[in-house]
Amino acid sequence: MEQNFNEYFVYKEGELYCENVKMETIAQKYKTPVYVYSKRAILNRINEYKEAFSSYDTLICYAVKANSNLSILKIMAENDIGCDIVSGGELYKAKKAGIPSNKIVYAGVGKTDFEIEYAIRENILSFNVESEIELDVIDEIAGKLNKKARVSIRVNPDVNPKTHPYISTGLRESKFGIDIDDATYVYEKASKLKNLEVIGIHCHIGSQIMEISPYIEAVEKTVQLIEKLKDRGIKLRYFDIGGGLGIKYRPEDKPPSIKEFADAVIPLVKRTGLKLIIEPGRSMIGEAGVLLTQVIFTKDKKSKHFIIVDSGMNDLLRPAIYNAYHHILPIQKKEEKVVADVVGPICETGDFFALDREIDNVKRGDYLAVMSCGAYGSSMSSNYNVRPRAMEIMVDNNRCYVIRERETYDYLIQLENF
Ligand code: LLP
């Protein structure tokens, strides 16, 4: 039996499909590069999250940074999912997509006055505050607006999530949150500021986490703090444990299931009686998307075979900056294999999707699907080398919807002046 990478992108007689649409049809009709998402994959993950956390009062806040396409945010809104945001722009998109303000939480170490005012006016559920000075600024701005701002403190529990250093956020030396040892003092201060309502506690330790144990450690440490705060008369309502659950990038990867994650954290959070908030990004959307690209040329140098494709680090930055592995599949299987570097057209040596990879022997004109690109793919894309961003397509069973048009050259110069 044919092994498929996941159940949404499957081979039928050697041809790759997304749900019931042939990838070749998409490539020919819409051209490449194009991000292709499976709606069923997204809905299934949403339902898995809901099911796994159904035994406890939980607000699921999708991390918009993973993929902020409006159609994807709308799917979240339609399924009662809230949002975790990190900028005014994300707030704007979340609201446009219909996410209600009382389901929006806002983290980030550098919120500007403009962004703070915007979020207070929108009456979001909570600011996840990352420094003492931020507390003062939110208090001041809320005062000017004659409003009360709800805040939670993001604590840094000093836990190693055992992931890539660039996406570890819960270590003492990282820029995120307030050291857990200083948190009591900061809570006491916050509770005295008259334009703030202190409602919760937040921690997020990192991303692409492949083990449950760092979560247990972080949540246990935070539970201790919650109990200490309670003894001092500071009563909270929300316990936000962040996101970070890993996904499958390599065929052999076995990330923890959402249920395993829920079963590990719910009993710990239950002890506090607080309402739980989770902020999944990658695990909601990552495996639902692929980047479809066409081989422009193949080229041989002394000991290397290169497959040069029409998409590069401007569309998918992860290999260049984290040396991230993305599995690559041909959309039509070939008999023969080669070992190759799969590279983009950009003028940087870091512009690669795979190095020394055994892969089907594709030729000029063939198409490749770069797997697990639903999260931190399009959302991290750029126009480097004046390349228009890729189109984005949502597949729903046997239908395709263009959820973002391909950028045009005219669009790229619209904001520039002579
Ligand atoms: N909550 C907060 C406060 C976060 O900073 C993040 C991600 C999340 C939730 C969602 O984490 P997730 O469930 O997606 O792991 N660009 C990197 C990932 C950066 C993650 C930043 N924060 C990558 O491509 O791997």
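Every residue gets a number counted from 1 within its own chain, in the order that chain's sequence is written. Local features are withheld for residues below a pLDDT of 70 in this predicted model, meaning they are given only at 70 or higher, and side-chain atom pairs are given and counted only at 80 or more; totals for whole chains, interfaces and linings count all residues. To obtain the side-chain values, all non-hydrogen atoms of the structure were used and water was disregarded.

When a carboxyl oxygen of Asp or Glu is within 4 Å of a side-chain nitrogen of Lys or Arg, the pair counts as a salt bridge. Using the criterion set out here, one finds 21 salt bridges in the structure. Put simply, R404 and E407 hold a salt bridge, and the shortest N to O gap is 3.0 Å. Here the residues in one salt-bridge network are E132, D136 and K189, joined through shared partners.

With that settled, consider the packing of aromatic side chains. Two rings from Phe, Tyr or Trp (for Trp, the six-membered ring) form a pair when their centres sit within 6.5 Å of each other. Planes less than 30 degrees apart are called stacked, planes more than 60 degrees apart edge-to-face, and all others tilted. Taken as a whole, this structure holds six aromatic pairs when the rule is applied. With a centroid separation of 5.8 Å and an interplanar angle of 70 degrees, the aromatic rings of F53 and F261 are classed as edge-to-face. Note that F53 is positioned in the loop between α2 (39-52) and β5 (58-63) and F261 in helix α9 (residues 258-270), a separation of 208 residues in sequence. Considered together, F53 and F261 belong to a single accessibility category, that of buried residues. Summarising the aromatic geometry, the rings of Y215 and F261 are spaced 4.6 Å apart at their centres and angled 55 degrees between planes, so their arrangement reads as tilted. Here a helix means four or more residues in a row that DSSP labels H or I, a strand means two or more in a row labelled E, and each is numbered from the N terminus. Note on classification: 1.4 Å probe, protein chains only; a residue is buried when its accessible area is under 20% of the maximum for its type, exposed when over 50%, partly exposed between these limits.

This paragraph deals with the pairing of β5. With six of six residues buried, β5 is to be regarded as a mostly interior element. Note: β5 against strand β13 (residues 275-278), three bridges, orientation parallel. Within the sheet, the bridge partner assigned to T58 lies in β13 and is L276. Bridge analysis of β5 against strand β6 (residues 82-85) gives three bridges, and the strand direction is parallel. Across the sheet, C61 pairs through a bridge with G82, a residue of β6. Two strands form a pair only when DSSP identifies at least two bridges running between them.

Each nonpolar core is a collection of buried residues, namely Ala, Val, Leu, Ile, Met, Phe, Trp, Tyr and Cys, held together in the definition by side-chain atoms within 4.5 Å. In terms of nonpolar packing, the biggest core is built from 128 residues, with M23, I26, V36, F53 and F127 touching the most fellow members. A total of eight residues in this core trace back to one element, the largest contributor, which is α9. Those domain boundaries reflect an automatic or database domain assignment. Here this core spans two domains, since at least three of its residues come from each of domain 1 (9-38 + 286-413) and domain 2 (107-280). The contact criterion used is simple: two residues touch if any of their non-hydrogen atoms lie within 4.5 Å. Those residues in contact with F127 that sit more than four places away from it in its chain are Y106, K111, I116, A119, I120, I138, A149, R150, V151 and S152. Counting residues in each nonpolar core, the second largest holds seven residues, with C61, L125, Y238 and I277 among its members.

Glancing now at the site of the ligand. Every one of the 19 residues lining the ligand counts as a neighbour, but S207, E279, R282, R318 and Y376 are closest to it. Interatomic distance of 2.7 Å between a backbone N/O atom of R282 and an oxygen atom of the ligand. Pairs of N or O atoms are called polar contacts if they sit within 3.5 Å, as long as, within protein, a hydrogen donor faces a hydrogen acceptor (for residues adjacent in sequence, only side-chain-to-side-chain pairs). Side-chain polar atom of R318 to an oxygen atom of the ligand: 2.6 Å apart, as the coordinates give it. Alone, the ligand offers 590 Å² of accessible surface; in the complex the protein occludes 91% of this. Each residue gets one label: Ala, Val, Leu, Ile, Met, Phe, Trp, Tyr, Cys and Pro are nonpolar, Asp, Glu, Lys and Arg are charged, and the others, such as Gly, are polar. A class-by-class count of the residues in the shell around the ligand yields six nonpolar, seven polar and six charged. Residue assignment places the shell around the ligand across two domains, with domain 1 (9-38 + 286-413) and domain 2 (107-280) each supplying three or more. Neighbouring residues are identified by heavy atoms, a residue being near a molecule or strand if any of them is within 4 Å of it. Using a 1.4 Å probe, the Shrake-Rupley method yields the accessible areas, and only the shown protein chains count as cover for residues.

Their axes nearest at 9 Å, the elements α2 and α9 cross at an angle of 25 degrees. The pairing of α2 with α9 is recorded here as roughly parallel in orientation. Of the two possible hands of crossing, α2 and α9 adopt the one that is right-handed. Facing α2, whose interface residues are R45, E48, Y49 and A52, α9 presents I258, K259, F261, A262 and I266. Residue composition of the contact of α2 with α9, grouped by class: six nonpolar, no polar and three charged. Interaxial angles span 0 to 180 degrees and are taken between N-to-C directions of axes, which are lines fitted to C-alpha atoms, for helices over the stretch in contact. Just so you know how the angles are binned, under 35 degrees is roughly parallel, over 145 roughly antiparallel, 65 to 115 roughly perpendicular, and the rest oblique. We call a crossing left-handed when the near helix sits turned anticlockwise from the far one by less than a right angle, and right-handed when that turn is clockwise.

Right, let's get into unusual backbone geometry. The peptide bond linking T32 to P33 adopts the cis configuration, its omega dihedral lying at -5 degrees. Turning to its location among the elements, P33 is positioned in the loop between α1 (23-30) and β4 (34-38). Phi angles above zero are rare outside glycine, and K31 is one such case at about 70 degrees. By the secondary structure assignment, K31 is in the loop between α1 and β4. In the Ramachandran plot, Q208 falls in the positive-phi region, its phi being about 50 degrees despite a non-glycine side chain. A relative accessible area of 12% means that Q208 is categorised as buried.

Spatially, β1-β2-β3 is the arrangement adopted by the three strands of the open sheet, whose pairing is antiparallel. The sheet is open, and its two borders are formed by β1 (9-12) and β3 (21-22), each paired with just one other strand. By the bridge criterion, two bridges tie strand β2 (residues 15-18) to β3 in an arrangement that is antiparallel. Each residue of the ladder has a partner; that of C18, found in β3, is V21.

Okay, helix α4 (residues 88-96) next. What α4 keeps buried is the set G88, E90, L91 and A94. The arc that holds the buried residues of α4, viewed along the axis, is 155 degrees, so those residues lie on one side. Looking at the buried positions of α4, the neighbouring elements they touch are α3 (70-78), β6, β7 (104-106) and α5 (113-121). Here α4 starts with a cap whose side-chain oxygen sits 3.4 Å from the backbone nitrogen of G89, and that cap is S87. Directly beyond the C-terminal end of α4, a positive phi value near 95 degrees is found at G98. By definition, the arc is the one covered by directions from the helix axis to the C-beta atoms.

Such coordinate-based values are descriptive only and should not be taken to indicate function.
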